[in-house]
Amino acid sequence: MAHYLFDFSGRFYYLFIVYLLRISFRILFGFRVKGLENWERGGVFLMASNHKSYLDPFLIGAAAPTEICYLAKKEVFGWPVLGYLARKYNAVPTRRRGIDLEVFRTAKSILDGKKPLLIFIEGTRSRDSE
């Protein structure tokens, strides 16, 4: 049985991804975060954001000073690389059509567990940036 130095699962994996994203976004886009003094540490809350780019969940996660969870369309989980990252990056699959009661239960469980939850209020990326 092989023994690994690092267990790339759970919180360590999430923090590792966030660290890599922060460095990459800083180099590629000049990424800077302002206003972290307004972030309530240990607070439980629901964040709502516009969705203009595939990078939005990664940018918001890289900016957040704490681990957060996301709602993501279930189709993302079927994509090889993005699906793997979504699972490791605390994404929760949801159906975009009809009523998905399970996602409400999961969202409540996340908030009851004292973790912030991010949703994209438009339900999809904005096509015209409005």
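In what follows, the structure referred to is the one given above.
In this text the structure is predicted, and so the values were computed from the model without any measurement.

Focus on unusual backbone geometry
Consideration 1: One non-glycine residue, Asn-90, adopts positive backbone phi at about 65°.
Consideration 2: By secondary structure assignment, the location of Asn-90 is in the loop between α3 (80-88) and β3 (91-94).
Consideration 3: Positive phi, close to 70°, is recorded for Lys-114, a residue that is not glycine.
Consideration 4: Considering the arrangement of structural elements, one finds Lys-114 in the loop between α4 (101-112) and β4 (117-120).

Looking at the environment of Asn-50
Consideration 1: Counting through the fold element by element, Asn-50 comes out in the loop between β1 (46-49) and α2 (56-63).
Consideration 2: On the accessibility criterion, Asn-50 (42% relative accessible area) is partly exposed.

Let's talk about α4
Consideration 1: Taking 1.5 Å per residue, 12 residues should reach 16 Å; α4 reaches 17 Å between its end C-alpha atoms and fits that length.
Consideration 2: Within the sequence span of α4, burial applies to Val-103, Ala-107 and Ile-110. Viewed along the axis of α4, the buried residues span an arc of 60°, placing them on a single side of the element. Of the residues in α4, the exposed ones pointing more than 90 degrees away from the buried face are Leu-101, Phe-104, Arg-105 and Lys-108.
Consideration 3: Within two residues after α4, Lys-114 carries a phi angle of roughly 70°, on the positive side.

With respect to the layout of surface pockets
Consideration 1: In this structure, the largest pocket encloses a volume near 760 Å³.
Consideration 2: For the lining of the largest pocket, the residue count by class is 22 nonpolar, five polar and five charged.

Remarks on the nonpolar core
Consideration 1: Core analysis: the biggest nonpolar cluster contains 22 residues, and Leu-21, Ile-68, Tyr-70 and Tyr-89 have the highest contact counts within it.
Consideration 2: For this core, the secondary-structure elements that each account for two or more residues are α1 (10-29), α2, β2 (69-73) and β4.
Consideration 3: At six residues, the largest contribution of residues to this core is made by α1.
Consideration 4: Sequence-distant contacts of Ile-68, defined by excluding residues within four places in its chain, comprise Tyr-14, Trp-39, Met-47, Ile-60, Gly-61, Tyr-89, Asn-90 and Pro-116.
Consideration 5: Judged by nonpolar contacts, the second largest core, of six residues, contains Cys-69, Val-92, Ala-107 and Ile-110.

Quick look at the pairing of β4
Remember that side chains alternate between the two faces of the sheet whenever the strand is regular.
Consideration 1: Taken together, the four bridges between β1 and β4 define a ladder with parallel strand orientation. Opposite Ser-49, over in β4, you have Phe-120 as the bridge partner.

A closer look at the sheet that holds β1
Consideration 1: Read across the open sheet, the four strands follow the order β1-β4-β2-β3; overall the sheet is parallel. One side of each edge strand has no neighbouring strand; the edge strands of this open sheet are β1 and β3. Direction aside, the axes of adjacent strands within the sheet are offset by 30° on average.
Consideration 2: Its contacts with the sheet place α4 against β1, β2, β3 and β4, and it is angled at close to 160° to β3.

About the criteria used
- Residues numbered from 1 in each chain as written.
- Predicted model: local features only at pLDDT ≥ 70, side-chain atom pairs only at ≥ 80, totals over all residues.
- Heavy atoms only, no water.
- Helix = DSSP H or I, 4+ residues; strand = E, 2+ residues; numbered from the N terminus.
- Buried < 20%, exposed > 50% of the residue type's maximum accessible area, 1.4 Å probe, protein only.
- Expected span 1.5 Å × (residues − 1).
- Arc of directions from axis to C-beta.
- 1 Å grid on protein atoms, 1.4 Å probe; cavity = no way out; pocket = protein on both sides within 12 Å on 5 of 7 lines; lining within 4 Å.
- Points joined across faces, edges and corners; volume = space filled by probe spheres on them.
- Nonpolar A, V, L, I, M, F, W, Y, C, P; charged D, E, K, R; others polar.
- Core = buried A, V, L, I, M, F, W, Y, C linked by side-chain atoms within 4.5 Å.
- Contact = heavy atoms within 4.5 Å.
- Pairing = 2+ DSSP bridges.
- Axes fitted to C-alpha atoms, helices over the stretch in contact; angles between N-to-C directions.

Read these as geometric descriptors, not functional statements.
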